[in-house]
Amino acid sequence: MNSKYATTGRKKGTLLQRMGESIKRDWQLYVLLLPAIVLIFIFCYLPMYGIQIAFRDYKAVRGITGSEWVGLKNFVDFFNAYYFERLISNTFLLNLYGLLWGFPLPIMMAILLNQIEWSRFKKFTQTVIYVPHFISTVVMAGILYLFLSPDSGVVNSLIKTLGGKSVHFMIEPGWFRTLYIASDMWQHSGWNTIIYIAALTGIDPGIYEAATIDGATKLQKIRHIDIPHLIPIVVMMLILNCGSLLVSNTDKALLMQTPGNMLTSDIIGVYVYEMGLTKAQFSYTTAIGLFINVINFVMIVTVNWIARRFGETSLF
Amino acid sequence: MKGTAVKVKKTIGDKTFDVLNGIFWVTALFAIIYPLWFIIIASVSDPDAVIAGNVLFWPKDFSMIGYEAVFEHKELLNSYKNSIFYTIAGTALSVIVTMMAAYALSRKFAGKKAVNFYFVFTMFFTGGLIPQFLMNQRLGLHDTVILMIIINSVSIWNLMVARTYVSMNIPDELYEAAVMDGATHFTYFFSTVLPLSGTIIAVLCVYYGVARWNDYFTALVYIRDRSKLPLQTILREIIATLSSSTSTDAFFSAYANDTKGMTDAIRKAAVAKYCCIVVSTAPAVILYIFMQKYFIKGVMLGSLKG
């Protein structure tokens, strides 16, 4: 960008001059930025250079730039892959159902938390609902395996005492999405209330007092004060969430995937991990990654554009 | 009823609402706390009682056999040590680098827009797992402790939250006054900005620290030398695999040669898994509870301006 302006004669001098002065004055700022710039370069920008192997037939001995160009072959291979449709729809549906179930709960919780009058109980509740967020994905998956184990799990022993037959939760494809989404909600719903609670605490208490004096009930206050105040942020969060409907949460799906539930648990991120790192198909999986990345990028930019039209807030 | 007082008597509708709201929250808190409580009581109960499903609300036949097994598991203990090291070193690096960059971004300087773009762009477009894997290989970072510390050490999201905090909470007048007294960016940053940023530093410590402590995937991808594995990656083998209900799991095999024999090992393993969860989760939760005071304030600030 800067070079475009720098080529026009008169501006060149002043811009360079200004930059020179600014650098002399603020060089220490650049030094403070340097470590972050270098780390981001190594772990984010260097890999972008490596993306070119998506268009090559990568051979370790020939290196990244030495491997042969194959054009779009790797992408075509993916589109024609036996699992292509399954991968896309599994990834999409997992996110879509996750959004449908998981999105409204934190909003509701924030509104209800805001209505608790006993302040010690409110504080206690607020502390407790954040705790599950700090549990690791491995432990979350471990809890599922332990609690749902067909022979010693607490859930199945309850089912058995009630006269039912034990269910192989972690093996049946029909249970994967439910368990994945339910455990996500258990872990993160409380945490996700933060942004809505912040919006609610921003409401002028005078409005509530006026409503109370006018004899408004709590439900009326929620309907006419809380909800209108939350709508802008809710709309924005919803739009932004829609931008990531094809993003894979690889680490959790990888933990919950078993040979039995592949029908629903096989999502793009896990496929890339398996094919790329355990079967060493580097070019093919890089192409898949790039394809999904581009879709996500376009979706996020679109969605951000929409969000910007809705309100003054946007991500960039 | 006199409607002029601010404290108005509650209507029946409001009372019903309060009762229902109370019921909702008691149920919700039970749903959150019970699984955690169950893990704790199962970890200190007798294995037979746990397997038979007799442990429900209170420990049964108190026993520390599971914790004994955990503390005899050499690989687990070693990975615990590794995780402590990775977490402390990684978090320290992350917080320092983030605060330095956050301060710089809160000031005006030439090229700020470009630098901002350089950072934010990576939130929306990445090279992906495989190119990153290959580049790190070429850099010789595979299977190194260095990688475990420096990878993912700057989160752009955290950087933006910290920048907002610094620019909103530290008045410009302070900077102008400091410059009058001959301060440079370095001296101002260290003697004024850092001491005034306690809240955001606490928030960053929790964010970065917990993310590191809980990460298993990085090591799964990059670490082959088992003596360098962090806790979560070992934990995955012990609790988060399908085989964990059978006798072929990692915990069992560590005790297969135990003189007391196989059945004892299986019994131990059943409870030891719960102990693993307690021992691995406690640091993150304790850190959260200690930092909570700063935390909720700081996070709210970040989320509003994010």
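Cut-offs used in this document
- Residues numbered from 1 in each chain as written.
- Chains lettered and ligands numbered in written order.
- Predicted model: local features only at pLDDT ≥ 70, side-chain atom pairs only at ≥ 80, totals over all residues.
- Heavy atoms only, no water.
- Helix = DSSP H or I, 4+ residues; strand = E, 2+ residues; numbered from the N terminus.
- Buried < 20%, exposed > 50% of the residue type's maximum accessible area, 1.4 Å probe, protein only.
- Contact = heavy atoms within 4.5 Å.
- Areas by Shrake-Rupley, 256 points an atom, 1.4 Å probe, with all protein chains shown as cover.
- Buried area = accessible area lost by both parts, 1.4 Å probe.
- Salt bridge = Lys/Arg side-chain N within 4 Å of Asp/Glu carboxyl O.
- 1 Å grid on protein atoms, 1.4 Å probe; cavity = no way out; pocket = protein on both sides within 12 Å on 5 of 7 lines; lining within 4 Å.
- Points joined across faces, edges and corners; volume = space filled by probe spheres on them.
- Nonpolar A, V, L, I, M, F, W, Y, C, P; charged D, E, K, R; others polar.
- Axes fitted to C-alpha atoms, helices over the stretch in contact; angles between N-to-C directions.
- Left-handed = near helix turned anticlockwise from the far one by under 90°.
- Parallel < 35°, antiparallel > 145°, perpendicular 65-115°, else oblique.
- Domains from an automatic or database assignment.
- Polar contact = N/O pair within 3.5 Å; in protein donor to acceptor, adjacent residues only side chain to side chain.
- Patch = residues over 30% accessible without salt bridge, like charges linked within 9 Å, V, L, I, M, F, W, Y side chains within 5 Å.
- Phe/Tyr/Trp six-rings, centres within 6.5 Å; stacked < 30°, edge-to-face > 60°.
- Core = buried A, V, L, I, M, F, W, Y, C linked by side-chain atoms within 4.5 Å.

Visitor: Tell me about the overall build of chain A, and please be specific about residues and values.
Guide: Each helix and strand in chain A was counted, giving 17 helices and two strands. Expressed as lengths along the three principal axes of its C-alpha atoms, the size of chain A is roughly 70 × 55 × 35 Å. Counting every position in chain A, which comprises 316 residues, the buried fraction comes to 47%. A separation of at least 24 residues holds for 63% of the contacts in chain A among residues at least 6 apart in sequence. Here chain A displays about 16000 Å² of accessible surface, and carbon together with sulfur accounts for 66% of that area.

Visitor: Give a description of the overall build of chain B that names residues and reports values.
Guide: Secondary structure assignment for chain B yields 15 helices and zero strands. A buried classification covers 51% of the 306 residues belonging to chain B. In chain B, the proportion of contacts linking residues at least 24 apart, taken out of those at least 6 apart, comes to 71%. Here chain B has roughly 14300 Å² of accessible surface; of this, 67% comes from carbon and sulfur atoms.

Visitor: Could you give an account of the interface of chain B and chain A, with specific residues and numbers?
Guide: Taken together, the contact between chain B and chain A spans 98 residues of the former and 100 residues of the latter. Counting the surface chain B buries against chain A, the share from its top three residues, Trp25(B), Tyr118(B) and Phe124(B), is 9%. Remark: the boundary between chain B and chain A carries one salt bridge. Residues Asp18(B) and Lys218(A) are paired through a salt bridge, measuring 2.7 Å at the closest nitrogen-oxygen approach.

Visitor: Please set out the side chain of Thr281(B) residue by residue, giving values where relevant.
Guide: Examined against the element boundaries, Thr281(B) turns out to sit in helix α15 (residues 262–305). On the basis of relative accessible area, Thr281(B) is assigned to the buried category, the value being 12%.

Visitor: How would you sum up empty space enclosed by the protein? Please name residues and give values.
Guide: Evaluated as defined, the whole model comprises one cavity of 30 Å³ or more. In this structure, the largest cavity occupies an estimated 50 Å³ of space. Ser152(A), Gly153(A), Val154(A), Ser157(A), Phe38(B), Val50(B), Gly53(B), Val55(B) and Tyr274(B) together form the lining of the largest cavity. Of the residues assigned to the lining of the largest cavity, the class counts are five nonpolar, four polar and no charged.

Visitor: Before we move on, could you go through the packing of helix α11 (residues 194–201) of chain A against helix α13 (residues 218–242) of chain A and cite the residues and values that matter?
Guide: All names here are of chain A. Remark: α11 packs on α13, axes separated minimally by 10 Å, with the N-to-C direction vectors making an angle of 145°. The interaxial crossing formed by α11 with α13 has right-handed handedness. Contacts from Ile195, Tyr196, Ala199 and Leu200 of α11 reach α13 at Asp226, Leu230, Ile233, Val234 and Met237. Within the contact of α11 with α13, the residues separate by chemical class into eight nonpolar, no polar and one charged.

Visitor: An account of the packing of helix α16 (residues 268–278) of chain A against helix α6 (residues 129–138) of chain B is requested, with residue identities and associated values reported.
Guide: Between α16(A) and α6(B), the shortest axis-to-axis distance is 10 Å and the interhelical angle comes to 30°. It follows that α16(A) is roughly parallel to α6(B) by the angle criterion. Handedness of the crossing formed by α16(A) with α6(B): right-handed. Contact with α16(A), carried on its side by Val272(A), Tyr273(A), Gly276(A) and Leu277(A), involves Leu129(B), Ile130(B) and Phe133(B) of α6(B) and no other residues of that element.

Visitor: Give me the lowdown on the domain arrangement of chain A, citing residues and values where you can.
Guide: Residue and element names in this part refer to chain A. Domain boundaries assigned for chain A yield domain 1 (2–69) and domain 2 (73–310). Taking only C-alpha atoms into account, the centre of domain 1 sits 36 Å from that of domain 2. Across the boundary between the two partners, domain 1 contributes eight residues, which contact seven residues of domain 2. With both sides pooled, the region where domain 1 packs onto domain 2 buries about 570 Å², and carbon together with sulfur makes up 70% of that total. Inspection of the region where domain 1 meets domain 2 yields zero salt bridges. Applying the counting rule to domain 1 against domain 2 returns five residue pairs in polar contact (both at pLDDT 80 or more).

Visitor: Give me unusual backbone geometry: which residues, what numbers.
Guide: You will see that Ala280(A), though not glycine, has its phi angle at about 55°, which is positive. By the element assignment, Ala280(A) lies in the loop between α16 and α17 (282–310). Although it is not a glycine, Asp61(B) adopts a positive phi angle of roughly 50°.

Visitor: Can you tell me about the side chain of Arg212(B), naming the residues and giving the values?
Guide: For Arg212(B), the position within the fold is in helix α11 (residues 198–214). Not counting the four nearest positions on each side in its chain, Arg212(B) is found in contact with Tyr86(B), Thr87(B), Gly90(B), Thr91(B), Ser94(B), Met148(B), Ile149(B), Ile151(B), Asn152(B) and Ser153(B).

Visitor: Tell me about a nonpolar patch on the surface, residues and numbers included.
Guide: Taken together, the side chains of Phe124(A), Phe30(B), Ile33(B), Trp37(B), Ile40(B), Leu56(B), Phe57(B) and Trp58(B) make up a nonpolar region of the molecular surface, amounting to roughly 840 Å² of accessible area. In terms of residues, the nonpolar patch owes the most to one element, helix α1 (residues 12–43) of chain B, which gives four residues.

Visitor: How would you sum up the pattern of salt bridges? Please name residues and give values.
Guide: Inspection of the entire model under this criterion finds 12 salt bridges over all chains. Ionic pairing is found between Asp57(A) and Lys59(A), a salt bridge with its closest N-O pair at 2.7 Å. Overall, Lys59(A) belongs to the partly exposed group, its relative accessible area being 39%. Two residues, Lys228(B) and Asp225(B), come together in a salt bridge whose shortest N-O distance is 3.8 Å. Owing to a relative accessible area of 22%, Lys228(B) belongs among the partly exposed residues under this scheme.

Visitor: Hey, could you go over the packing of aromatic side chains for me, with residue numbers and the actual values?
Guide: The tally for this structure, following the rule as stated, stands at 42 aromatic pairs over all chains. Relative to Phe217(B), the ring of Tyr273(A) lies with its centre 5.5 Å away and its plane at 45°, an arrangement referred to as tilted. Of this pair, Tyr273(A) sits in helix α16 while Phe217(B) sits in helix α12 (residues 217–222), which puts the two residues in different chains. The exposure classification of Tyr273(A) matches that of Phe217(B), with both residues buried. Pairing Trp37(B) with Trp58(B) gives two aromatic rings, centres 5.6 Å apart and planes at 45°, and the pair type is tilted.

Visitor: So what about the nonpolar core? Which residues, and what values?
Guide: Of all hydrophobic cores here, the largest spans 186 residues; its most connected members are Phe134(A), Tyr196(A), Leu230(A), Trp25(B), Phe38(B), Tyr103(B) and Phe119(B). For this core, the domains that each give at least three residues are domain 1 (2–69) and domain 2 (73–310) of chain A. In this structure Phe119(B) touches Leu33(A), Ala36(A), Ile37(A), Ile40(A), Leu105(B), Ile156(B), Leu159(B) and Met160(B), once residues within four positions along its chain are discounted.

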